[in-house]
Amino acid sequence: MFFRLNDKADVEAGLFFTLFGGLTAGLSLQYQMGTIAAMGPGMFPLILGIMLTAIGLTILAKGVMAGGETIRSLPLKPAFLITLSLLVFAALVLAVGLVAAVPAQVFIALWASDHFTLKRAIALSIGLLLFCYLVFIYFLGVAVPMIAI
Amino acid sequence: MEFLNHLGLGFEAALSLNNLTFCFIGVLVGTAIGILPGLGPLATIAMLLPLTYSLDPVTGLIMISGIYYGAQYGGSTTAILVNLPGESSSVVSCLDGHQMARNGRAGAALAIAAIGSFFAGTIATMLIAAFSPVLAEVAFLFGPVEYFAMMVLGLTAATLLAHGSFIKGVAMVLTGLILGLVGADINSGTYRFTFGYFSLTEGIEFVAVAMGLFAFTDIVTNIRGDQARDVTTPSLRNLWVNGKEAKEAALPVVRGTAIGSVLGLLPGGGAMISSFASYAIEKRLAKRPEEFGHGAIAGLAGPEAANNAGAQTSFIPMLTLGIPSNGVMALMIGALMVHNIAPGPYVMVSNPEVFWGLIASMWIGNAMLVVLNLPLIPLWVRLIQVHYWILYPIILTVCCVGLFSIENSLQPIYFAAGFTLVGCLFWRFRAEAAPLLLGFILGPLMEEHFRRALLLSNGDLAIFYRSPLSIVMLSVAAVMCLVILLPQIRRSRSVAFTENA
């Protein structure tokens, strides 16, 4: 990816921190700086942003020159599916209720595993729905709807 | 006498039926998650935190801390029985504990671990009760300058002692500090980094950050390694430790307790480092060091006591100074803040029942663990065999409902989803996420003290070098940074870590 340095963890980390620090510093410029004695809302984030940028560049330089640690390859399918399962839960829970949100989440999340079978997903969904009803709604009184429609 | 009065007040609070029940639930859940590999205390506490918001502050804290030290007990059970560390702090217990189990002394190994931990827990609880008020007295003398210096020192030390690259740890602390600043500025009320979203004006929900970076990222990275585990069910016929074994375990337990109690106090210290240090010392002191790794009792008893003592005394800086020394303590501070209790020396005065109740509950919880752990071993053995594919959908759903319940809003779930992706990125380039959480909790406080200090000095930065306490703390932090940046020492540090891991 990055000039064939894509197995170097420090290169990626350095880029990330440099960008995030730079972004913070840049965004904090829109707030009042004030003086050192009476700092405005922008001063402290600006200082942190600059420090982070500097450290990010150091990490980047270290990664480019010395190599350092190699990256771990991220399991993309699980990363995508687990995140998706959270979003789907959020989209369904108030619109349709737990009866849809829980099975949808379980199916999507379990799909990431090598052990996915339809039977297991259904069994887990039913068990979790019972658990949610008993613990969250009955005992703890969380205002989460079982069926929203 | 005052000391006894305080403890009396604490026991009164902790022995109420309600608090006893939640203490029990806490240690039970803690033991269970400690036993399950791939589910750590940080992730679990983040998962259960929203559910404690409806409880009394003291009850909620009792349960959370029960989970924390319960996990230390549970982790060693897995280590001894399956040679898998259930917790990072029980890595060392695998070495000799599992060998003891293979030599047919599984029962004795579990008993030594439990009793050693209980002894350490008792001593550590007394230390907390004795030293917290003293430390709090000192903290009352602190002004903004000293507080700022102490946070710098705390964050530096925590990063230094956490595993992983130091410079990336510093970058993570800074990232956390920045994320902690999102929301309304305390002095001017300006909304910072909210991008026009009203829900961001009170800052990013820290449970969402913790769940995304720990619970969910752990799931993503653990799914692949989901395999059936072989558990050789140990012979539990003789749970009793014989006289010779007891004699061999006694001194290491005492030494382990001492080591753990001291290391637990340090920022970034706590259970894991304590157990490594104790193992190294026992090996050096042993008459027959060649036995280590082949079921030496001292190699199990010392680290077990040390990790429990370290887990307990790491509460002291959190309770007296409001400075978290590790990720779990950062979550505890978050829990206190939800109940409008500002962590720091004032807790002892303003909410003595919270402070002393928590301490008393630790001792009660430890006693419960000994009673709970040994008879329930067959149940725990079954629990080790639970597959990860059953576990993680449960974690996901419980977390989602918990996130929703914080303020009956979907926002935290979306944030947690975002932080999951960020957490995966951190995992990919090997940046440890715990320092970020410490920074996130301390960000607003640090800014406040920094600004106040410079307001008092009328903009003169030299104020940080006028207070002797502040000079000492900042110099120690600077020396730590220098030491770690010298390549020679850095190399030996990485050697020390690979040796241990």
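Sequence order as written defines the numbering, with residues in each chain counted from 1. Chain letters start at A and ligand numbers start at 1, both assigned in the order the entries are written. The predicted nature of this model means local features are confined to residues of pLDDT at least 70 and side-chain atom pairs, given and counted, to a pLDDT of 80 or more, with totals for whole chains, interfaces and linings taken over all residues. With hydrogens and water stripped out, all remaining heavy atoms of the structure feed into the side-chain values.

## Considering the overall build of chain B
Scanning chain B for helices and strands turns up 21 helices and 2 strands. For chain B, the C-alpha atoms occupy an extent of roughly 70 × 50 × 50 Å along the three principal directions. Three exposure classes are used, based on accessible area relative to the maximum for each residue type with a 1.4 Å probe and protein chains only: buried under 20%, partly exposed in between, and exposed over 50%. Per-residue burial for chain B yields a buried fraction of 62% across its 501 residues. Should any heavy atoms of two residues lie within 4.5 Å, those residues are counted as being in contact. Across chain B, contacts joining residues at least 24 apart in sequence account for 79% of those joining residues at least 6 apart. Areas reported as accessible are Shrake-Rupley estimates using a 1.4 Å probe. Residue values count occlusion only from the protein chains shown. For chain B, the accessible surface area stands at approximately 18800 Å², while carbon and sulfur atoms represent 66% of it. Starting at the N terminus, helices and strands are each numbered in turn, a helix being any DSSP run of H or I of at least four residues and a strand any DSSP run of E of at least two.

## Points about the overall build of chain A
Helix and strand counts for chain A stand at 5 helices and 0 strands. Sequence-ordered secondary structure for chain A, helices as α and strands as β, is α-α-α-α-α. Two things to know: the radius of gyration comes from C-alpha atoms, and the globule rule equals 2.2 Å times the number of residues to the power 0.38. Its C-alpha atoms give chain A a radius of gyration of 23 Å, more than 25% over the compact-globule value 15 Å for 149 residues. Over its C-alpha atoms, taken along the principal directions, chain A stretches across nearly 55 × 45 × 25 Å. A buried classification covers 46% of the 149 residues belonging to chain A. Here chain A has roughly 7400 Å² of accessible surface; of this, 74% comes from carbon and sulfur atoms. Asp and Glu count as negative and Lys and Arg as positive, but His and the ends of the chain are not part of the count. In this description, the location of a charge corresponds to atom NZ of lysine, CZ of arginine, CG of aspartate or CD of glutamate. Mean positive and mean negative side-chain charge positions of chain A (7 and 5 charges, respectively) differ by 9 Å.

## Here we look at the interface of chain B and chain A
Each side of the interface is counted separately: chain B has 64 residues, and chain A has 68 residues. Each of two parts loses accessible area, computed with a 1.4 Å probe, when they are put together; buried area is these two losses added. Carbon and sulfur atoms make up 78% of the surface buried where chain B meets chain A, a total of about 6100 Å² over both sides. By definition here, a salt bridge exists when the distance from a side-chain nitrogen of Lys or Arg to a carboxyl oxygen of Asp or Glu is within 4 Å. One can count 2 salt bridges joining chain B with chain A. Between N or O atoms, a polar contact is any pair within 3.5 Å; within protein, one atom must be a potential hydrogen donor and the other a potential acceptor, and residues adjacent in sequence are included only when both atoms are from side chains. For the pair chain B and chain A, the interface holds 10 residue pairs in polar contact (both at pLDDT 80 or more). Looking at the side of chain B that touches chain A, the elements with two or more residues in it are helix H7 (166-180), strand S2 (191-192), helix H8 (206-222), helix H17 (388-407), helix H18 (411-428) and helix H19 (434-456) of chain B. All residues other than Ala, Val, Leu, Ile, Met, Phe, Trp, Tyr, Cys, Pro, Asp, Glu, Lys and Arg, Gly among them, are scored as polar; the first ten of these are nonpolar and the last four charged. Counted by class, the side of chain B that touches chain A contains 44 nonpolar, 11 polar and 9 charged residues.

## Quick word on the domain arrangement of chain A
Domain parsing of chain A yields domain 1 (9-66) and domain 2 (76-139). In this structure, domain 1 of chain A and domain 2 of chain A have C-alpha centres spaced 39 Å apart. Boundaries of every domain are those given by an automatic assignment or by a domain database.

## A look at the nonpolar core
Formed by 180 residues in total, the largest nonpolar core has its most connected members in Phe17 of chain A together with Phe216, Phe315 and Tyr392 of chain B. With 13 residues, H17 of chain B is the largest single contributor of residues to this core. Three or more residues apiece are contributed to this core by two domains, here domain 1 (9-66) and domain 2 (76-139) of chain A. Among all residues touching phenylalanine 17 of chain A, those that are not within four sequence positions of it are Leu52, Gly56 and Ile59 of chain A together with Lys168, Ala171, Met172, Thr175, Phe426, Phe429 and Ala431 of chain B. One finds Ile35, Ala113, Ala309 and Ile384 of chain B within the second-largest nonpolar core, a separate group that totals 27 residues. Among buried residues, those of type Ala, Val, Leu, Ile, Met, Phe, Trp, Tyr and Cys that are joined through side-chain atoms within 4.5 Å constitute a nonpolar core.

## Quick word on the confidence of the model for chain B
Detailed reading of the predicted coordinates is not advisable wherever pLDDT falls low. Residue and element names in this part refer to chain B. The predictor attaches a confidence to each residue, called pLDDT, with possible values from 0 through 100. When pLDDT is averaged across chain B, the result is 83; 92% of the residues are at 70 or more. Of all helices and strands in chain B, the one with the weakest mean pLDDT is helix H21 (residues 487-500) (50), whereas H18 scores best (94). Below pLDDT 50 for its whole length, residues 495-501 participates in 4 contacts with residues either more than four positions away or in separate chains.

## So, helix H5 (residues 118-139) of chain A
Residues spaced three or four apart along an α-helix point in a common direction, a consequence of the helix completing one turn every 3.6 residues. By this rule the span expected of a helix is its residue count minus one, scaled by 1.5 Å. With 22 residues, H5 of chain A ought to run about 32 Å at 1.5 Å a step, and its terminal C-alpha atoms sit 30 Å apart, in line with that. Of all the bends in H5 of chain A, the greatest, near 25 degrees, is centred on cysteine 132 of chain A. Within H5 of chain A, the full set of buried residues consists of Ala121, Leu124, Ser125, Leu128, Leu129, Cys132 and Phe136 of chain A. Buried-residue contacts for H5 of chain A involve helix H4 (98-111) of chain A together with helix H3 (41-52) and H17 of chain B. Positive backbone phi, at 65 degrees, marks glycine 141 of chain A, one or two positions downstream of H5 of chain A. Note on bend: at a given residue it equals the angle between the axes fitted to the 7 residues ending there and to the 7 starting there.

## Focus on the environment of asparagine 18 of chain B
Residue and element names in this part refer to chain B. Looking at where asparagine 18 falls in the secondary structure, it is placed in helix H2 (residues 17-35). Using a relative accessible area of 40% as the deciding quantity, one classes asparagine 18 as partly exposed. C-alpha of asparagine 18 to C-alpha of leucine 95: the two residues are 77 residues apart in sequence and 39 Å apart in space.

## Comments concerning the packing of helix H9 (residues 243-265) of chain B against helix H11 (residues 298-313) of chain B
All names here are of chain B. Where H9 meets H11, the axes come as close as 6 Å, and the angle between the chain directions of the two elements is 30 degrees. The angle between H9 and H11 places the two elements in the roughly parallel class. The two elements H9 and H11 cross, and the hand of that crossing is right-handed. Contacts between H9 and H11 pair Ala249, Pro252, Val253, Gly256, Thr257, Gly260, Ser261, Gly264 and Leu265 from the former with Ala298, Ala301, Gly302, Ala305, Ala306, Ala309, Gly310 and Thr313 from the latter. Axes here mean lines fitted to C-alpha atoms, for a helix over just the part in contact, with angles spanning 0 to 180 degrees between N-to-C directions. When an angle is under 35 degrees it counts as roughly parallel; over 145 it counts as roughly antiparallel; between 65 and 115 it counts as roughly perpendicular; any other value is oblique. Crossing handedness: left-handed means the near helix sits turned counterclockwise from the far one by under a right angle, and right-handed means the same turn made clockwise.

## Observations concerning unusual backbone geometry
With phi around 60 degrees, asparagine 340 of chain B is a residue other than glycine that occupies positive phi space. Here asparagine 340 of chain B is to be found in the loop between helix H13 (327-338) and helix H14 (346-350).

## A short note on the packing of aromatic side chains
Residues and elements named next belong to chain B. Working definition: rings of Phe, Tyr and Trp (its six-membered ring) pair if their centres are within 6.5 Å, and the pair is stacked with planes under 30 degrees apart, edge-to-face with planes over 60 apart, and tilted otherwise. Counting across every chain of the model gives 23 aromatic pairs over all chains. Ring centres of tyrosine 279 and phenylalanine 292 lie 5.5 Å apart, and the angle between their planes is 75 degrees; this geometry places the pair in the edge-to-face category. Taken together, the residues span a long stretch of sequence, with tyrosine 279 in helix H10 (residues 271-285) and phenylalanine 292 in the loop between H10 and H11 at a distance of 13 residues. For the pair shown, tyrosine 279 and phenylalanine 292 are each scored as buried. A centroid spacing of 5.7 Å and a plane angle of 40 degrees characterise the contact between tyrosine 388 and tyrosine 392, whose relative ring orientation is tilted. Here tyrosine 388 and its partner tyrosine 392 are both found in helix H17, 4 residues apart, which amounts to about one turn of the helix. Take tyrosine 388 and tyrosine 392: they sit in the same class, and that class is buried.

## Considering the side chain of glutamate 146 of chain B
All names here are of chain B. The topology assignment puts glutamate 146 in helix H6 (residues 144-161). Buried and without a salt bridge, glutamate 146 has arginine 452 as its closest oppositely charged side chain, separated by 10 Å. From its side chain, glutamate 146 meets the backbone nitrogen of glycine 143 in a polar contact 2.9 Å long.

## Brief notes about the environment of phenylalanine 107 of chain A
Residues and elements named next belong to chain A. Within the element layout of this structure, phenylalanine 107 appears in helix H4. Look at phenylalanine 107 and you get partly exposed, because its relative accessible area is 28%. It is 8.1 Å that separates the C-alpha atoms of phenylalanine 107 and isoleucine 122, two residues lying 15 residues apart in sequence. Leaving out residues up to four positions away in the same chain, phenylalanine 107 has contacts with Phe116, Leu118, Ala121, Ile122 and Ser125.

## Details of H2 of chain B
Taking 1.5 Å of rise per residue, 19 residues should cover 27 Å, and H2 of chain B covers 27 Å from first to last C-alpha, within 8% of that figure. Looking at H2 of chain B, one finds that the buried residues are Asn19, Phe22, Cys23, Gly26, Val27, Gly30, Thr31, Ala32, Ile33, Gly34 and Ile35 of chain B.

## Some points on the packing of helix H3 (residues 76-93) of chain A against H18 of chain B
When two helices pack together, their arrangement is given by the angle between their axes and by how far apart the axes lie. Direction vectors running N to C along H3 of chain A and H18 of chain B enclose 175 degrees, while the axes themselves pass 9 Å from each other. With respect to each other, H3 of chain A and H18 of chain B are oriented roughly antiparallel. Across the interface between the two elements, Ala79, Thr83, Leu86, Leu87, Phe89, Ala90 and Ala91 of chain A of H3 of chain A pack against Ile413, Tyr414, Ala416, Ala417, Thr420, Leu421 and Cys424 of chain B of H18 of chain B. Tallied by class, residues from the contact of H3 of chain A with H18 of chain B come to 12 nonpolar, 2 polar and no charged.

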